[in-house]
Amino acid sequence: TGAITVNVDAAELVTITTAEYRRSKSQWRITGTDTPVKTGVVMKVYSNNGNFLLGTTTTDATGAWDFRSVSAQRAGPIVVKSERGSQASFALTVRN
């Protein structure tokens, strides 16, 4: 009998490290990582517990992603969903 090789992808993990909204400038800054590392993974960023799409960003060569946008504040928490199927949520920090 011959040998069989099975390649199993590592489980994806989306991590949010910062979720901040600055009222005075109407600015969003949400950062995090996606592992295993793959460049160009599309990350969708939502507010209002995943009910309002703020926008998208992509991962860099280290798996890091950085979302910045200017728009009206929506309720938190923040939810980030990867095109590969995983997601994470994080409490929103609101600053002046």
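These numbers were taken from a predicted model, which means no experiment stands behind them.

Reading the values: the criteria
- Per chain, residues are indexed from 1 in the order of the written sequence.
- In keeping with the model being predicted, local features are shown solely for residues with a pLDDT of at least 70 and side-chain atom pairs are shown and tallied solely at 80 or more, while totals for entire chains, interfaces and linings include all residues.
- Based on all heavy atoms of the structure, the side-chain values leave hydrogens and waters out of the count.
- Basic side-chain nitrogens of Lys or Arg form a salt bridge, by our definition, when they fall within 4 Å of a carboxyl oxygen of Asp or Glu.
- Working definition: helices are DSSP H or I runs of at least four residues, strands are E runs of at least two. Numbering for both runs from the N terminus.
- Exposure categories follow from relative accessible area, calculated using a 1.4 Å probe and restricted to protein chains: below 20% of the type maximum is buried, above 50% is exposed, and the middle band is partly exposed.
- Aromatic pairs are defined between Phe, Tyr and Trp rings, using the six-membered ring for Trp, whenever the two ring centres lie within 6.5 Å; interplanar angles under 30 degrees are classed as stacked, those over 60 as edge-to-face, and all others as tilted.
- We count a charge as sitting over a ring when the NZ of a lysine or the CZ of an arginine lies within 6 Å of the ring centre and within 35 degrees of the ring normal.
- Buried residues of nine kinds, namely Ala, Val, Leu, Ile, Met, Phe, Trp, Tyr and Cys, make up a nonpolar core once their side-chain atoms join them within 4.5 Å.

Peer 1: Could you give me a rundown of the pattern of salt bridges, with the residues and numbers involved?
Peer 2: Counted according to the given criterion, the structure contains six salt bridges. Glu12 is the partner of Arg84 in a salt bridge, and the nearest nitrogen-oxygen pair spans 3.4 Å. In this pair, Arg84 is assigned in the loop between β6 (78-82) and β7 (87-90) and Glu12 in the segment before β1 (13-22), connecting sequence segments 72 residues apart. A relative accessible area of 33% means that Arg84 is categorised as partly exposed. Judged by relative accessible area, which is 17%, Glu12 ranks as buried. A salt bridge links Arg68 to Asp66, with the shortest nitrogen-to-oxygen separation between them at 3.3 Å. The exposure class assigned to Arg68 is exposed, which follows from its relative accessible area of 54%. Connected through shared salt-bridge partners, Glu12, Asp34 and Arg84 make up one network.

Peer 1: Got a sec to walk through the packing of aromatic side chains? Specific residues and values, please.
Peer 2: Aromatic ring pairs are defined here through the distance separating the ring centres and the angle between the ring planes. A full pass over the atoms with the stated rule returns one aromatic pair. When the ring centre of Tyr46 is taken as reference, the NZ or CZ atom of Lys81 above it lies at 4.8 Å.

Peer 1: Let's hear about the nonpolar core: which residues, and what values?
Peer 2: Core analysis: the biggest nonpolar cluster contains 16 residues, and Ile16, Trp28, Ile30, Val45, Leu54, Ile78 and Val80 have the highest contact counts within it. Secondary-structure elements contributing two or more residues to this core are β1, β2 (27-35), β3 (42-47), β5 (64-70) and β6. With four residues, β1 is the largest single contributor of residues to this core.

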